[in-house]
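Structure assessment
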Amino acid sequence: MKNFTYHQPTTIAATLPLLDAEWGKTELLAGGTDLLDRQKEYVSQPEKVVSLTGINGPFREISSMPGAAGGPPEVTIGAGVKLISLAESSLLGAYPALASAAAQIAGPQIRNMGTLGGSLCQRNRCWFFRDEHVKCLLKGGRKCYAQDGENEFHAIFTQGHACVIVNPSTLAPPLIALSAIAEIMGPKGKREVAVEKMYQAPVKDTQREHTLAPNEVLVAVRIAPKVPAGGALHNASYEVKQRQTCEWPLIQASVAFHTERGGKVAKGVRVVLGHVAPTPLLSESAARALEGKEVTEAVASAAGEAACEGAKPLSGNAYKVQLLKVAVKRAALLAAGAKPYWEG
Amino acid sequence: MAEGWPKKRRLLGTKVKRLDGPAKATGRAKYSYDINRSGMLHGAILRSPYAHAKIKSIDTSAAKKTPGFKALVMILPPRDWLVVKADGDELELKSVPSKKKKEKEEQRSVKVTGGVTILRKNKVVKLADLKADDQVQVEVEQDVVGRELFYAGDEIAAVAADTEEHAKDALRAIRIEFEQLDHIVIEDEVLKNPKKKTTPGPLAGNLDETIKDMTRGDIEAGFKDAEATVEGTYGVPAISHQCLETHGLVAEWDADGGLTVWCSTQATVSTAAGLAGRFGVPPKQVKCITHFMGGGFGSKFGPDVQGFAAADLARRAGAAVKIMLDREEEITSAGNRPSATGTVKIGGKKDGTITAFAVDCYGTPGYIGGATINLGLMPYVYNDAVANMKRSHKVAYTNTGSARAMRAPGHPQNCVLTEFAVDDLAAKLGIDPLIIRRKNLPPNNPKVTDKIAWMARRNDIYNEQLDIAVKLSGWKEKWHPPGKKGGTVKHGIGMALHTWGGFAAGGTTPNECHVFISKDGTATAETSTQDLGTAQRTVTAIVVAEILGLMPTDVIVKLGESLYGFSSGSGGSTTCPSQAPAALFAAQAAREDLFKKVAPKLQADPKDLVIEAGKVVDTKNKKEWLWKEFCARLGMDEAKGKGEWSLALSNEADNANISSGQVGGVQTAEVLVDTETGVVRATHFVAVQDCGLVVDRLTCESQVAGGVIMGINYGLFEQNIFDKWTGRQVNPDMEFYKLGGIRDMPKITVHLQDMPERGVIGVGEPPTISTAAAIGNAVFNALGVRVPFLPISPRRVLDALANGGKQ
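Residues numbered from 1 in each chain as written. Chains lettered and ligands numbered in written order. Predicted model: local features only at pLDDT ≥ 70, side-chain atom pairs only at ≥ 80, totals over all residues. Heavy atoms only, no water.

1. A short note on the sheet that holds strand β12 (residues 175-180) of chain B
Residue and element names in this part refer to chain B. Stated precisely, the cut-off is as follows: Any two strands with at least two DSSP bridges between them are considered paired. Helix and strand labels come from DSSP, where a helix needs a run of H or I of at least four residues and a strand needs a run of E of at least two; each type is numbered from the N terminus.
Ordered by their spatial adjacency, three strands build an open sheet running β10-β2-β12, and the pairing between neighbours is antiparallel. Two strands bound the open sheet, and with one partner strand each, they are β10 (148-149) and β12. Note that strand β2 (residues 53-59) and β10 share two bridges and pair antiparallel. Counted as the bridge partner of Lys54 is Glu148 from β10.

Next up, the structure:
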């Protein structure tokens, strides 16, 4: 890899001045499971690496406060929290959509190194982007090679996207389903943004998969879904993977909704689709199919169908449309507490 | 007649733990990757980024100024010259007179500038040091200009620097202008445009159609005779060996002009010989050390490009050089199992008789190579039972790395093409595929006089294996007509058969093993053979311990050094059947030598002495001595014995019970297929393997289970994926080149079909052959729809379900 200077500040405040106003020369290091690979493969060649590993305190902690009106707890997760902690923390019991997604990421080695912030801000896994010798749009080239090249793992919602990567984060969909808020520190202080607003479809080398400025740091994510008094939160994620070990999902769906006291119908439904587009997709049509209904297999199936509306697969990934249909259906049923019909 | 294997076996065939297991598990075992020599440099190889290109120009000047740079070599064929005249900066050369006389003498004049390196006796020399008739090697960097590169990964140059990072920096500083040429990386593209030429060799295009069709009987009559006929197109992709330890080595020259390499190889002796030849070093002055090895699977014979490059860099830099390929290089450039796609037409009768079999297939071995299947063995296993057949094969050359032998070359491809068709025929006939298999097993040959031989009893062996597999898999209860009724997740069970050789190694020189007994009772076995992970170290210890009345842990096994006598490369499952007998005879000879040397001191006759566990017994005088007590009488002497074994020796009369070959095997696969997602889960596999005399039951079972695991990966996950436009492999990694992990693996039931009367047979390769075919048939059984191409990914399952199995 190219030589770089290494900084390990111990506070966020000390981190910010080390960052540049533009992408390219400086990279933030969290767990390192993505950045180090990119550096070794010369896909990223920063001159300066600013490590967040020296920052302790809330940045590395999960904290929980009682939720409003007896609803689920308000949980704040530091961006430096390891994936393994997300998978195992008792504080996330109300949020299986998130905890189960964290538990399924890669293997134990990655989960013990990778962090929440890293998962949300990592670069995409497109095999053309990751190949030093292919100069694609995101590396300043003039062409997306996946549009007509090998694209079986690429986007199926491709309208208007010059680059057809899928956002690789498996934690973004459940967080968006749970209406999570990202806390971001920058030169002008702290700002908050809904996690779904944190993403964009990049088309050039001066852009990232997220909307954070190059001199900003994601410090925490806060989950506080609104559930009426006496109501209950329901949420789940479902992933389709070819392998059961160390594997990226082919498709992911996260579903969250609440029921009112004694009620059975889904309200405030949010359905998020992962690994289908350059950003995590909040599917309004799928949510509409569930909203105000009791989540039966038929209703869940209809939501799956609705989620696929507008899908426009590439030459080699039409199969992902079927997977999406199924993943949404199964996530909805899991959220509703149904017995998984797909397990023997 | 040889004494042979003991009739009463104390250790042979029992479960013995791998002797080096703890060393491997704790990291104490030093693999080639772990070797670090004083002052050692790191090498790296510059490769073509393009699938097909020509080098227009090269400039290495910047590279040579990078920090830590030490040496650079061009990947070119070496050439020895004789100095005619060295004058100013002009060097006049003539070729070394050829032994074949017929070659014309060549002359060359070289202007010696910065890009020219002159080597004499493996040392860099200056022009001024040369005198007429000196034999030299001369590398002119600019000679690479004009070189055609045939795949993305083709080697161009190598550098050595003080650190890995500096070596890569130096490589990146080499400036090359390429002329990009048209490429083809997908075999179907070759078929569409067969005359287009993008690969080397004498063909007019990229498609070799010269392989002769093989026919037998009357194919038309055979199909006419059939009560049902099916035709399908099936295929397997090119896959990578994916050795966990990548290819590579450390090379170090000594002050006397000798060369030592610590090389990850499955052939220490031929690797050393290859280096000796290339660098003009006496063979005994080249030592190849492979104490531990992280897998080869057929891809690690000989020094290889990186081996020559490392030794070349080391002689120029005057320091040891390490080159271990990275994962991308390992996958793109260190060999692959070639692809095969075939249209198979098969006809048969309701009683299961196959009346006709026709296959028309093609595959790619990469940019060079040959056939990708064993046409003569088609239809696989059932060949000798089928009367009418027509077989044809084309080779489609593509701009991808060249194939190398991989664990049973040709057989897994044969097996898939045959066994898929067999099950499809059974479905069409409406019969259990078990019936069709039993009906078409190769017949026993009554003319074979040796009744223990494979040919005399293969039909019985297969039938017995089928009985065992049926019982262990619960086939009778679990098999159902193709297409499990109801449910989202469907159960399926499938079966496939295989065959392999597993004889001792051929060749003119036998494999050697040497056993030494010291006065302290220590037994040491020395052999140059390598332990690829197959437990050859443990096998050697078991054999020696069995003969000397010791425990395997008592025996010191020194292996994996080329100077410990001859051994052949570990290919064709020949290692155990070559080396176990060599160890046997070495131990027996050492024992005889011990008796001869000690008996007189104990007033015993050597012929009255026998060894029992831990002691030596004088059967005549009813006396006995503890082993150590007996050995102590060696005094200043030592006892030793040499053992040799080869295919030729095994073929001598009465030797078939020492080692032999030809095995069969039956595997069943059970799967659960999620029909909504196309995800296939392997649940229970049964592997029945004929294996002759088992030496170590534990590691033999492990070998079979490992073969099944490799086959599951072939069936469900693995594929080299090339992008048509960029010409590059998009998955030269372990992220999208998929290998299953522990949660993907089923319960594996291994049954070793002991036949000790057949002697030792190698089973490294056979147990991986039929697994993928069995998985494909299990998926067919679950769905009632054929998923015709491996790997059986969610995409392929869903595609097959969507079109109802139509192709």
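So much for the structure itself; the text now carries on.
2. Thoughts on the interface of chain A and chain B
Put simply, the rule reads: Note on definitions: a residue-residue contact is assigned when non-hydrogen atoms from the two residues lie within 4.5 Å. When a carboxyl oxygen of Asp or Glu lies within 4 Å of a side-chain nitrogen of Lys or Arg, that pair is called a salt bridge. Here a polar contact means two N or O atoms within 3.5 Å. Within protein one must be a hydrogen donor candidate and the other an acceptor candidate, and residues neighboring in sequence count only if both atoms are side-chain atoms. Asp, Glu, Lys and Arg are counted as charged, while Ala, Val, Leu, Ile, Met, Phe, Trp, Tyr, Cys and Pro are counted as nonpolar; the rest, among them Gly, fall into the polar class.
On the side of chain B, 37 residues touch chain A, which itself brings 34 residues to the contact. Counting every contact that joins chain A to chain B gives eight salt bridges. The residue Lys329 of chain A makes a salt bridge to Glu676 of chain B at a minimum N-O spacing of 2.7 Å. Taken together, the connections running from chain A to chain B amount to 21 residue pairs in polar contact (both at pLDDT 80 or more). With six residues, helix α10 (residues 319-335) of chain A is the largest single contributor of residues to the side of chain A that touches chain B. Per-class residue counts for the side of chain A that touches chain B are 15 nonpolar, eight polar and 11 charged.

3. Side note on the packing of aromatic side chains
To keep things clear, this is the line we draw: Aromatic contacts are taken between Phe, Tyr and Trp rings whose centres are within 6.5 Å, Trp giving its six-membered ring; a plane angle under 30 degrees counts as stacked, one over 60 as edge-to-face, and the others as tilted. With a 1.4 Å probe rolled over the protein chains alone, any residue whose accessible area is under 20% of its type maximum counts as buried; one over 50% counts as exposed, and the rest are partly exposed. Only when the NZ atom of a Lys or the CZ atom of an Arg is both within 6 Å of the ring centre and within 35 degrees of the ring normal do we say a charge sits over the ring.
On inspection of all chains with the given rule, the structure shows 17 aromatic pairs over all chains. Here Phe150 of chain B and Tyr367 of chain B contribute two aromatic rings whose centre-to-centre distance is 5.9 Å and whose plane-to-plane angle is 10 degrees, an arrangement assigned as stacked. Taken together, the positions of Phe150 of chain B in the loop between β10 and β11 (155-161) and Tyr367 of chain B in the loop between β23 (354-363) and β24 (389-396) put the pair 217 residues apart, joining distant regions of the chain. Per residue, the accessibility class of Phe150 of chain B equals that of Tyr367 of chain B, and both read buried. Centroid distance Tyr234 of chain B to Phe420 of chain B: 5.7 Å. Interplanar angle 90 degrees. Geometry classified as edge-to-face. In this pair, Tyr234 of chain B sits in strand β15 (residues 228-236) while Phe420 of chain B sits in helix α8 (residues 411-429), placing the two residues 186 residues apart along the sequence. Per residue, the accessibility class of Tyr234 of chain B equals that of Phe420 of chain B, and both read buried. Joined through ring pairs, the aromatic side chains of Trp127 and Phe153 of chain A together with Phe736 of chain B make up one cluster. When the ring centre of Trp81 of chain B is taken as reference, the NZ or CZ atom of Arg79 of chain B above it lies at 4.6 Å. The lysine or arginine in question, Arg786 of chain B, covers the ring of Phe780 of chain B, its NZ or CZ lying 4.6 Å from the ring centre.

4. Notes on the sheet that holds strand β5 (residues 74-78) of chain A
All names here are of chain A. Put simply, the test is: Axis definition: a line fitted to C-alpha atoms, over the contacting stretch in the case of helices. Angles run 0 to 180 degrees between N-to-C directions.
The sheet built from five strands is open, its strands ordered β4-β5-β8-β6-β7 with antiparallel pairing. With partners counted over all chains shown, the strands left at the sheet margins are β4 (62-65) and β7 (189-194), one partner each. Within the sheet, the average angular offset between the axes of one strand and its neighbour, ignoring direction, is 20 degrees. In terms of strand pairing, strand β6 (residues 181-186) meets β7 through six bridges, oriented antiparallel. Across the sheet, residue Ile181 finds its bridge partner in β7, namely Ala194.

5. Some words on the pairing of strand β9 (residues 135-140) of chain B
Residues and elements named next belong to chain B. In terms of burial, β9 is a largely internal element, five of the six residues being buried. Pairing analysis gives three bridges linking strand β4 (residues 80-87) to β9, with the strands arranged antiparallel. Opposite Leu82, over in β9, you have Gln135 as the bridge partner. The pairing of strand β7 (residues 116-120) with β9 spans four bridges and is antiparallel. Looking across to β9, one finds that Val116 is bridged to Val140.

6. Here we look at the environment of Trp454 of chain B
Residues and elements named next belong to chain B. Tracing the sequence through the fold places Trp454 in helix α10 (residues 454-473). Taking the C-alpha atoms as reference, Trp454 lies 30 Å from Thr527; in sequence the two are 73 residues apart. Residues contacting Trp454, with those up to four places away along its chain left out, are Ile461, Tyr462, Thr499, Gly661, Gln662, Val663, Gly664, Asp690 and Arg758.

7. Description of the confidence of the model for chain B
Rule in force here: Residue-level confidence of the predictor is summarised by pLDDT, bounded by 0 at the bottom and 100 at the top.
With 99% of its residues at a pLDDT of 70 or more, chain B has an overall mean of 96. Predicted complex, confidence summary: ipTM 0.97, pTM 0.97.

8. What to know about the packing of α8 of chain B against helix α17 (residues 771-783) of chain B
When two helices pack together, their arrangement is captured by the angle between the axes and the distance separating the axes. All names here are of chain B. The condition is simple: Angles below 35 degrees are treated as roughly parallel, those above 145 as roughly antiparallel, those between 65 and 115 as roughly perpendicular, and all remaining angles as oblique. What makes a crossing left-handed is the near helix being turned counterclockwise from the far one by less than a right angle; a clockwise turn instead makes it right-handed.
Their axes nearest at 9 Å, the elements α8 and α17 cross at an angle of 25 degrees. The angle between the axes of α8 and α17 places the two elements in the roughly parallel class. The two elements α8 and α17 cross, and the hand of that crossing is right-handed. Packed against α8, whose contacting residues are Cys415, Val416, Glu419, Phe420, Asp423, Asp424 and Ala427, the element α17 presents Ala772, Ala773, Gly776, Asn777 and Phe780 at the interface.

9. Quick look at the environment of Pro72 of chain A
Residue and element names in this part refer to chain A. Mapped onto the elements, Pro72 comes out in the loop between β4 and β5. When its relative accessible area of 15% is taken as the criterion, Pro72 is described as buried. With 58 residues separating them in the primary sequence, Pro72 and Arg130 have C-alpha atoms 40 Å apart. Contact partners of Pro72, with chain neighbours within four places excluded, come to Gly67, Ala94, Tyr95, Pro225, Val227 and Leu233.

10. Some words on the pattern of salt bridges
All names here are of chain B. Within the structure shown, the criterion is met by 68 salt bridges over all chains. With its nearest N and O atoms 2.8 Å apart, the salt bridge here joins Glu592 to Arg591. Residue classification places Glu592 among the partly exposed residues on the basis of a relative accessible area of 40%. Overall, Arg591 belongs to the buried group, its relative accessible area being 11%.

11. What to know about α17 of chain B
Residues and elements named next belong to chain B. This is how the line gets drawn: Helix span is expected to be 1.5 Å times the residue number reduced by one.
In this model, α17 (13 residues) spans 18 Å end to end at C-alpha, consistent with the 18 Å of a helix rising 1.5 Å per residue. For α17, a buried count of 13 out of 13 residues is recorded, marking the element as mostly surrounded by other parts of the structure. Just downstream of α17 lies Gly784, where phi reads positive at about 75 degrees.

12. Examining the nonpolar core
Basically, it comes down to this: The nonpolar core is taken to be a set of buried Ala, Val, Leu, Ile, Met, Phe, Trp, Tyr and Cys residues, with the residues joined through side-chain atoms within 4.5 Å.
Counting residues in each nonpolar core, the largest one holds 93 residues, and the members touching the most others are Leu497, Ile775, Val779 and Ile792 of chain B. Apart from residues no more than four positions distant in its own chain, Val779 of chain B is found in contact with Val671, Val673, Val680, Gly784, Val785, Val787 and Ile792 of chain B. With 61 residues, the next largest nonpolar core counts Phe128, Leu290, Ala331 and Ala335 of chain A among its residues.

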